[in-house]
Amino acid sequence: MNQLSRIHLIGYGYRIILWLLLLSFPMAAHARTTDPLPSWNSGPAKTAIVKFVKETTQKGGRHFMTPAKRIAVFDNDGTLWSEQPLYVQLAFALDRVKALSPQHPEWRDTEPFKSVLDGDLKAVMAGGERALLELIMASHAGMTTEEFAQIVKDWLAEAKHPEYNRRYTELVYQPMLELLVYLRGKGFKTYILSGGGIEFMRPWTEKVYGIPPEQVIGSSIKTKFEFQGGKPVLMRLPEVDFIDDKDGKPVAITKFIGHRPIAAFGNSDGDLQMLQWTTAGDGPRFGLLVHHTDDKRETAYDRQSSIGRLDKALDEAGQKGWTVVDMKKDWKRIFPLKKP
């Protein structure tokens, strides 16, 4: 080989090396910049989540869990979407009472309906659980399950939060949406386990959270099979069937899921037993509480709040090593920029 040929060969080799470097650079850069939780600030909470997911999904690892065991349960109100100044389903019930009031002139002189129609929310809340239950029964029963689902969809399409002036389904937490996607991408099955009504949530959770109806568990009223116009229907009755809150949540896990989850996410004392049950199992376990600390972008509340009170669970989180998310510090943004 003459000198000129060697020069050409060397030059060709350099071009090959340069081409390979250029080809690999975007891939390497992409690998460095890809973040499964872009709306989370770097810190202990984000680190704990990523560490748990990596340990439980890495084959051959000491803490590896098969996909069948990768079950994660999420509370809804205050964990996945905003719950202040009142639960979304309660806002729905209040609007339903107003819409139905022409058919019930007696409500004008009957509590708690009178206070609802007068716009006196403070008096409504002063009535306690009994008053709220009356409102739920009056506004959620007496129709088929299909009719109720459509009413919920129609209401959510129009109703807006009194402070943010955005639809309620736009007030879901962007960091938690990312977390749901991240977990499912790693083989986790995600469930909603909420004190809210199961049939209030099922019409929209798949579109908003990517969680199908069969993976939504909540409180329920009784239903009855009957025929209307020759067609079979399920009628919603004004009777409580199951309350999926506090110690009812572990019961619901066993009843509807059949496996103890390995991860649980909540925000209040109503989620305490769910986190206790989940993290008491064998093998790697993960518990997380969303602590509402941001009074600028959302609402700051915890121990003294009548809605979403976080007191006993916050204390136990420190004792049990559960992760506590400080919304003000840990989240770059609260709500999605675009409609979910």
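Overview of the structure. If you're wondering where the values come from, they're calculated on a predicted model, not measured in any experiment.

1. Focus on the overall build of the protein chain
Here is step 1 of the chain: Of the regular secondary structure elements, the protein chain holds 14 helices and seven strands.
Here is step 2 of the chain: Across the 340 residues that make up the protein chain, the buried fraction comes to 46%.
Here is step 3 of the chain: For the protein chain, contacts bridging at least 24 residues in sequence account for 65% of all contacts bridging at least 6.
Here is step 4 of the chain: A total of about 18000 Å² of accessible surface is found on the protein chain, and carbon and sulfur atoms cover 56% of it.

2. A look at empty space enclosed by the protein
Here is step 1 of the chain: According to the stated counting rule, one finds two cavities of 30 Å³ or more in the structure shown.
Here is step 2 of the chain: A volume near 60 Å³ is recorded for the largest cavity.
Here is step 3 of the chain: Every residue along the wall of the largest cavity is listed here: Trp 81, Ser 82, Glu 83, Gln 84, Pro 85, Leu 86, Val 88, His 161, Pro 162, Tyr 168 and Leu 171.
Here is step 4 of the chain: Classifying every residue of the lining of the largest cavity gives seven nonpolar, three polar and one charged.
Here is step 5 of the chain: Approximately 40 Å³ is the volume found for the second largest cavity.

3. Focus on the pairing of strand 4 (residues 231–242)
Here is step 1 of the chain: Pairing of strand 3 (residues 216–228) with strand 4, which is carried by eight bridges, proceeds in the antiparallel orientation. Residue pairing in the sheet places Ile 221 in a bridge with Val 240 of strand 4.
Here is step 2 of the chain: Linking strand 3 back to strand 4 in an antiparallel pair, the connection comprises two residues, with Gly 229 at a positive phi of about 60°.

4. What to know about the packing of helix 2 (residues 44–57) against helix 8 (residues 174–185)
Here is step 1 of the chain: Where helix 2 contacts helix 8, the two axes come as close as 11 Å, and the packing angle between them is 15°. In terms of orientation, helix 2 lies roughly parallel with respect to helix 8. Pair helix 2 / helix 8 crosses with right-handed handedness. The segment helix 2 lies against helix 8, with Ile 49, Val 50 and Val 53 engaging Leu 179, Tyr 182 and Leu 183.
Here is step 2 of the chain: By residue class, the composition of the contact of helix 2 with helix 8 is six nonpolar, no polar and no charged.

5. Describing the packing of aromatic side chains
Here is step 1 of the chain: Throughout the structure, instances matching the rule amount to 17 aromatic pairs.
Here is step 2 of the chain: Geometrically, the ring pair formed by Phe 225 and Phe 227 is edge-to-face, given 5.5 Å between the ring centres and 80° between the ring planes.
Here is step 3 of the chain: Residue classification places Phe 227 among the exposed positions, given a relative accessible area of 55%.
Here is step 4 of the chain: An aromatic cluster of at least three residues, connected via ring pairs, comprises Trp 40, Tyr 164, Tyr 173, Trp 331 and Phe 335.

6. Things to note about the pattern of salt bridges
Here is step 1 of the chain: For the structure shown, the criterion picks out 14 salt bridges.
Here is step 2 of the chain: Here Lys 114 ties to Asp 118 by a salt bridge, and the two come within 2.9 Å at their closest N and O atoms.
Here is step 3 of the chain: Note on Lys 114: relative accessible area 32%, which makes it partly exposed.
Here is step 4 of the chain: In this structure Asp 118 comes out as partly exposed when scored by relative accessible area, which is 45%.
Here is step 5 of the chain: Of the charged contacts, one joins Asp 294 and Arg 297 as a salt bridge, the two residues approaching to 2.6 Å between their closest N and O atoms.
Here is step 6 of the chain: Assessed through its relative accessible area of 3%, Asp 294 is described here as buried.
Here is step 7 of the chain: The network of salt bridges with common partners includes Asp 75, Lys 249 and Asp 271.

7. Re the pairing of strand 7 (residues 323–326)
Here is step 1 of the chain: The alternating pattern of strand 7 places Thr 323 and Val 325 on a buried face and Val 324 and Asp 326 on a face that is not buried.
Here is step 2 of the chain: Where strand 6 (residues 286–291) lies against strand 7, four bridges are found, and the strand directions are parallel. Bridge pairing in strand 7 places Leu 288 opposite Thr 323.
Here is step 3 of the chain: Remark: the strand 6/helix 13 (residues 312–320)/strand 7 crossover connection has right-handed handedness.

Conventions adopted
Residues numbered from 1 in each chain as written. Predicted model: local features only at pLDDT ≥ 70, side-chain atom pairs only at ≥ 80, totals over all residues. Heavy atoms only, no water. Helix = DSSP H or I, 4+ residues; strand = E, 2+ residues; numbered from the N terminus. Buried < 20%, exposed > 50% of the residue type's maximum accessible area, 1.4 Å probe, protein only. Contact = heavy atoms within 4.5 Å. Areas by Shrake-Rupley, 256 points an atom, 1.4 Å probe, with all protein chains shown as cover. 1 Å grid on protein atoms, 1.4 Å probe; cavity = no way out; pocket = protein on both sides within 12 Å on 5 of 7 lines; lining within 4 Å. Points joined across faces, edges and corners; volume = space filled by probe spheres on them. Nonpolar A, V, L, I, M, F, W, Y, C, P; charged D, E, K, R; others polar. Pairing = 2+ DSSP bridges. Axes fitted to C-alpha atoms, helices over the stretch in contact; angles between N-to-C directions. Parallel < 35°, antiparallel > 145°, perpendicular 65-115°, else oblique. Left-handed = near helix turned anticlockwise from the far one by under 90°. Phe/Tyr/Trp six-rings, centres within 6.5 Å; stacked < 30°, edge-to-face > 60°. Salt bridge = Lys/Arg side-chain N within 4 Å of Asp/Glu carboxyl O. Right-handed = clockwise from strand over helix to strand, strands pointing away.

So yeah, pure geometry; function would need other evidence.
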